[in-house]
Amino acid sequence: MNSLGQQCESASILPPQMRREVLQTYPSIDRRLVEEDLACVLAPHTDGEHYALLYDHFPAPIMGALWTRWQDDELPDSFWIRPDCPTTSPHSDACAHFLAHPGAHTWETR
Ligand SMILES: [Zn+2]
Ligand SMILES: [Zn+2]
């Protein structure tokens, strides 16, 4: 959340059951680094799902990060690895979102 209001303010938590599923699915991940307080990373949006980063410390050759999503008034119930958004700004700033994310790139909202 930032004072400029350029980020969606939806927040959620990682349900314990889903955290267990994440650790079972990817037993090699560092459980201390799994995000449990989730905040939507997208620019403000009035419809669609919210997205948050769960884990971004995979070793090569896994490319990308683990993401989850949720609807308003619901808890996250799925997770999946998405490649990073490959788009860079005219000043070569990388976008911190996933491939084919909805909304603006991170460098467009800074
Ligand atoms: Zn959102
Ligand atoms: Zn992007």
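Residues numbered from 1 in each chain as written. Chains lettered and ligands numbered in written order. Predicted model: local features only at pLDDT ≥ 70, side-chain atom pairs only at ≥ 80, totals over all residues. Heavy atoms only, no water.

**A short note on the overall build of the chain**
Selection criterion: Under the DSSP-based scheme used, a helix requires at least four consecutive residues in state H or I and a strand at least two consecutive residues in state E, with every element numbered from the N terminus. Radius of gyration here uses only the C-alpha atoms, and the compact-globule reference equals 2.2 Å multiplied by the residue count raised to the power 0.38. Burial status follows relative accessibility: with a 1.4 Å probe on protein chains alone, a residue under 20% of its type maximum counts as buried, one over 50% as exposed, and anything between as partly exposed. In what follows, a contact means two residues having at least one pair of non-hydrogen atoms within 4.5 Å. Only the protein chains shown count as cover for residues, with accessible areas throughout obtained via the Shrake-Rupley method and a probe of 1.4 Å.
Regarding its fold elements, the chain presents one helix and five strands. Its helices and strands taken in sequence order, the chain reads β-α-β-β-β-β from the N to the C terminus. For a compact globule of 110 residues, the expected C-alpha radius of gyration is about 13 Å, and the chain comes in at 14 Å, within 12% of that figure. For the chain, the C-alpha atoms occupy an extent of roughly 40 × 35 × 20 Å along the three principal directions. Considering the chain as a whole, with its 110 residues, one finds that 36% of them fall into the buried category. Within the chain, contacts between residues separated by at least 24 positions form 38% of all contacts whose residues are at least 6 apart in sequence. Here the chain displays about 6,900 Å² of accessible surface, and carbon together with sulfur accounts for 50% of that area.

**Re the coordination of the zinc ion (ligand 1)**
Under the convention used in this document: Sites may look incomplete, because water is not among the atoms used; the donor set itself consists of N, O and S atoms within 2.8 Å of the metal (3.2 Å for Na, K and Ca). Each label reflects the angles at the metal, where four donors whose angles all fall between 85 and 135 degrees are tetrahedral, four or six donors whose opposite pairs open beyond 155 degrees and whose other angles stay between 65 and 115 are square planar or octahedral respectively, and the rest are irregular.
Around the zinc ion (ligand 1), the protein contributes the donor atoms Cys8 (SG), Cys40 (SG), His45 (NE2) and His50 (ND1), at 2.0 to 2.3 Å from the metal centre. Note that the zinc ion (ligand 1) binds four donor atoms; their angles at the metal cover 100 to 121°, and the shape is tetrahedral. Donor residues for the zinc ion (ligand 1), ordered by position in the chain, follow C-x31-C-x4-H-x4-H. Pair noted here: cysteine 8 is in the segment before β1 (11-13) and cysteine 40 is in the loop between β2 (37-39) and β3 (50-55), with a separation of 32 residues, a long-range link. We classify cysteine 40 as buried; its relative accessible area is 0%.

**Points about the coordination of the zinc ion (ligand 2)**
Reference values for angles at a metal are 109.5 degrees in the four-donor tetrahedral case and 90 or 180 degrees in the six-donor octahedral case. Looking at the metal site, the zinc ion (ligand 2) is ligated by Cys85 (SG), Cys95 (SG), His101 (NE2) and His105 (ND1), spaced 1.9 to 2.4 Å from it. All donors of the zinc ion (ligand 2) come from a single chain, and their spacing in sequence reads C-x9-C-x5-H-x3-H. Residue cysteine 85 is located in the segment after β5 (79-82), and its partner cysteine 95 is located in the segment after β5; the two are separated by ten residues in the primary sequence.

**Regarding the side chain of arginine 19**
As a reminder, the rule being used: Any N or O atom pair separated by 3.5 Å or less is treated as a polar contact, with the protein-specific requirement of one donor-capable and one acceptor-capable atom, and with residues adjacent in sequence counted only for side-chain atom pairs.
Considering the arrangement of structural elements, one finds arginine 19 in helix α1 (residues 16-25). Polar contacts involving the side chain of arginine 19 include one to the side chain of glutamate 36, which spans 2.9 Å. With near-sequence residues (within four places) excluded, arginine 19 lies in contact with Leu14, Arg31 and Glu36.

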